[in-house]
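Below, each chain spelled out in residue letters.
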Amino acid sequence: MKTAPTLDEQLVEQPVHAAEVPWTIVVWNDPVNLMTYVSWVFRRHFGADARAAERLMMQVHTEGRATLAQGNREHMERHAEAMHEYGLWATVEKAPQ
Amino acid sequence: MKITVPTADAVAAGVVGIVHVEPQEARVLVSLADQLQALLAEAIESPIDDDAAVRRLLPDAYRHDPELADEWRRLSRRGLVDRKIGFARTLSTALAPVVSDGIARAVPLTMDTAIDWVRGIGDMRLVIADRMGIIVDGDTGTLGEPGLRDVYDWLAWMQDGIVQVLEVTEPGDGGAA
């Protein structure tokens with residue numbers, strides 16, 4: 001989450017703070033977890049609607065991975081921990097620039 | 001085993017599903033839940049995960065940055081392991097009476113216990129898959145003792161059944177397609 005810069009800050013060159021570099025949470029395909037289970041986890045944890053959850057689950061299944069969310073690193077690490085609680089294989093990655 | 005939706009009275013009391021368990025089924029589940037808890041407890045202290053099943057239960061959160069992966073592991077591992085042990089313990093606690101009495105029983109699941117069950121069952125499947133040699137899609141899993149495949153498939157059926165009762169119950173999730 002970013003707040004709008006104040007006027008003073010706009011006058012100097014702002015280096016991008018590490019916390020502002022966007023990170024992503026990636027869920028990887030595995031041969032064990034059921035497709036219905038993965039869809040349910042996406043709905044339950046990320047609040048995806050049924051159609052989005054199904055699409056993301058299919059993306060994991062066919063492409064091997066899907067990006068579920070983007071934000072600061074700490075936030076993405078919490079998602080990773082939650083996915084591991086559900087037994088899904090998930091990693092944190094820097095968002096492509 | 002049978003997984004059913006509860007009566008209106010039970011729903012009012014917070015029950016989302018009922019698992020009808022035979023003693024021999026409870027024995028298998030308690031045994032697997034106990035083994036899982038032991039495996040996880042060992043993993044708390046171990047500096048390296050030499051068991052592929054543990055690496056799959058507790059994967060690195062960073063693929064290409066060992067430093068960040070180590071930091072994350074240091075900060076999150078104990079809590080994650082404790083919670084996973086808790087999921088498995090929910091199963092063994094609920095099923096221990098069925099084993100000790102040797103009588104089939106209907107085990108009621110609340111939302112919270114049902115979620116523990118699907119996670120605990122999922123973790124059991126991850127370990128069994130490793131023991132059977134199921135590493136990538138399409139692996140048939142020919143390793144391991146005979147009968148393991150049946151257990152693996154049975155657990156999948158059970159997890160799917162519980163997810164189905166959770167889908168019925170959960171408000172706002174997946175209702176409108």
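Everything that follows concerns the structure shown earlier in this document.
Here is what the cut-offs are and how they apply
Residues numbered from 1 in each chain as written. Chains lettered and ligands numbered in written order. Predicted model: local features only at pLDDT ≥ 70, side-chain atom pairs only at ≥ 80, totals over all residues. Helix = DSSP H or I, 4+ residues; strand = E, 2+ residues; numbered from the N terminus. Buried ≥ 20, exposed ≤ 12 C-beta atoms within 10 Å, placed from the backbone. Contact = placed C-beta atoms within 7 Å. Axes fitted to C-alpha atoms, helices over the stretch in contact; angles between N-to-C directions. Parallel < 35°, antiparallel > 145°, perpendicular 65-115°, else oblique. Left-handed = near helix turned anticlockwise from the far one by under 90°. Nonpolar A, V, L, I, M, F, W, Y, C, P; charged D, E, K, R; others polar. Pairing = 2+ DSSP bridges.

**Q** Quick question: what am I supposed to make of the overall build of chain B here?
**A** A tally of regular secondary structure across chain B gives 6 helices and 3 strands. Reading chain B from its N terminus to its C terminus gives the helix and strand order β-α-β-α-α-α-β-α-α. A total of 177 residues make up chain B; the buried ones form 35% of that total. Once local pairs closer than 6 in sequence are excluded, the contacts in chain B between residues at least 24 apart make up 66%.

**Q** How do you make sense of the packing of helix α2 (residues 23-45) of chain B against helix α4 (residues 66-101) of chain B when you look at a structure like this?
**A** Axes are the key here: two packed helices are described by the angle between their axes and the distance separating the axes. All names here are of chain B. Following both chains from N to C, one finds α2 and α4 inclined at 160 degrees, their axes separated by 8 Å at the closest point. Classified by the angle between their axes, α2 and α4 sit roughly antiparallel to one another. Considering the relative orientation of α2 and α4, their crossing is left-handed. Among the residues making up the contact of α2 with α4, the classes are represented as 18 nonpolar, 2 polar and 5 charged.

**Q** Help me out: how do you make sense of the interface of chain B and chain A in this one?
**A** Opposite the 31 residues of chain B that make contact, chain A presents 22 residues. If you list the elements that add at least two residues to the side of chain B that touches chain A, you get α4, α5 (111-132) and α6 (148-169) of chain B. The greatest single-element share of the side of chain B that touches chain A, amounting to 7 residues, is contributed by α5(B). Partitioning the side of chain B that touches chain A into residue classes produces 16 nonpolar, 4 polar and 11 charged.

**Q** Would you explain the pairing of strand β2 (residues 15-21) of chain B in this entry?
**A** Residue and element names in this part refer to chain B. Counting buried positions along β2 yields 5 of 7 residues, so the element is predominantly enclosed. One ladder, built from 3 bridges, connects strand β1 (residues 2-4) with β2; its direction is antiparallel. Bridge assignment links K2 to a residue of β2, and that residue is H20. Bridge analysis of β2 against strand β3 (residues 105-110) gives 6 bridges, and the strand direction is antiparallel. Bridge assignment links I18 to a residue of β3, and that residue is P108.

**Q** Would you mind showing me how to read the sheet that holds strand β1 (residues 23-28) of chain A here?
**A** Within a sheet, adjacent strands bond to each other through the backbone by hydrogen bonds, running parallel or antiparallel. Residues and elements named next belong to chain A. Taking strand neighbours across the sheet as the criterion, the 3 strands line up as β2-β1-β3 in an open arrangement whose pairing is antiparallel. Either end of the sheet is taken by a strand with one partner, and the two such strands are β2 (65-71) and β3 (90-94). Put simply, the sheet's adjacent strands are angled 30 degrees from each other on average, direction ignored. Across 6 bridges, the pairing between β1 and β2 is antiparallel. Paired with V27 across the strands is A66, a residue of β2. Its contacts with the sheet put helix α4 (residues 73-85) on β1, β2 and β3, and the angle it makes with β3 is roughly 165 degrees.

**Q** Help me out: how do you make sense of the sheet that holds β1(B) in this one?
**A** Residue and element names in this part refer to chain B. The strand order across the open sheet built from 3 strands is β1-β2-β3, with neighbouring strands paired in antiparallel fashion. Both edges of this open sheet fall to β1 and β3, since each of them pairs with a single strand only. Here the strands of the sheet are splayed against their neighbours by 25 degrees on average, with no regard to which way each runs. Across the sheet, α6 is in contact with β1 and β2; its angle to β2 comes to roughly 160 degrees.

Nothing here speaks to function; it is geometry throughout.
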